[in-house]
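Structural description and commentary
This is what each chain is made of:
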Amino acid sequence: MSEQNLLQELDQAFISPDRYFKDQKLAPYTEGSRLLMIQIRNENDSPIFFVYAFIYLHILLAKSRKEAIKLAWDQDVFRERLMEWSEKLGEEDRDTASLLVANILNESNKSKVNVIPSGVPQPPGNG
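What comes next concerns the included structure. No experiment lies behind these values; they were computed from the predicted model shown.

This part takes up the packing of aromatic side chains. Scanning all chains against the criterion turns up six aromatic pairs. A connected cluster of aromatic rings, assembled from ring pairs, spans F21, Y52, Y56, F78 and W85.

Here is the structure:
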């Protein structure tokens, strides 16, 4: 295997594919975007509000990280813009958005490392 093929294979193993919602690119889900979601989230938010906020924030981050961060610190303006954005969406979009967010969050919670058994017996309590 050539070095270039090896590097390409490694990149594919560690980099998630680009994701889109209604032809708009989403920024990758990172610890930074998770912190921004905590900043804009309210305990009274409905599940679909969380889904739309997640999608909208990641679209904003893909367009302008600086503007997205600034907007996240003004919860009222963020919510107004989110409502304007979501008014154009329908039931099919809601289902698509919910599945997309669920897939992103599930993927982020999975282990990215395949454990290969060593063949060496493990002491009790370490398995």
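The terminal C-alpha atoms of helix α6 (residues 91–109) lie 27 Å apart, and with 19 residues this matches the ideal 27 Å at 1.5 Å per residue to within 8%. Within α6 the residues assigned to the buried category are D93, A97, L100, V101 and I104. Looking down the long axis of α6, one finds its buried residues gathered within 95° of arc, a one-sided arrangement. Exposed residues pointing more than 90 degrees away from the buried face of α6 are listed as E91, E92, L99 and N109. Of the surrounding secondary structure, the elements contacted by the buried residues of α6 are β1 (19–21), β2 (24–26) and α3 (47–63).

It is the contact of α3 with helix α5 (residues 75–86), at a shortest axis distance of 10 Å, that shows an interaxial angle of 95°. In terms of axis orientation, α3 runs roughly perpendicular to α5. Contacts between α3 and α5 involve F49, Y52, A53, I55, Y56, L57, I59 and L60 from the first element and F78, R79, R81, L82, M83, W85 and S86 from the second. Tallied by class, the residues present in the contact of α3 with α5 amount to 12 nonpolar, one polar and two charged.

Next up on the list: helix α2 (residues 31–40). Among the residues of α2, those classed as buried are S33, L36, M37 and I40. What you see down the axis of α2 is that its buried residues fit within an arc of 105°, all on one side. Buried-residue contacts for α2 involve α3, α4 (65–72) and α5. Between the side-chain oxygen of the N-cap and the backbone nitrogen of G32 there are 3.2 Å, and the N-cap of α2 in question is T30.

Calculation rules
Residues numbered from 1 in each chain as written. Predicted model: local features only at pLDDT ≥ 70, side-chain atom pairs only at ≥ 80, totals over all residues. Heavy atoms only, no water. Phe/Tyr/Trp six-rings, centres within 6.5 Å; stacked < 30°, edge-to-face > 60°. Helix = DSSP H or I, 4+ residues; strand = E, 2+ residues; numbered from the N terminus. Expected span 1.5 Å × (residues − 1). Buried < 20%, exposed > 50% of the residue type's maximum accessible area, 1.4 Å probe, protein only. Arc of directions from axis to C-beta. Contact = heavy atoms within 4.5 Å. Axes fitted to C-alpha atoms, helices over the stretch in contact; angles between N-to-C directions. Parallel < 35°, antiparallel > 145°, perpendicular 65-115°, else oblique. Nonpolar A, V, L, I, M, F, W, Y, C, P; charged D, E, K, R; others polar. Polar contact = N/O pair within 3.5 Å; in protein donor to acceptor, adjacent residues only side chain to side chain.

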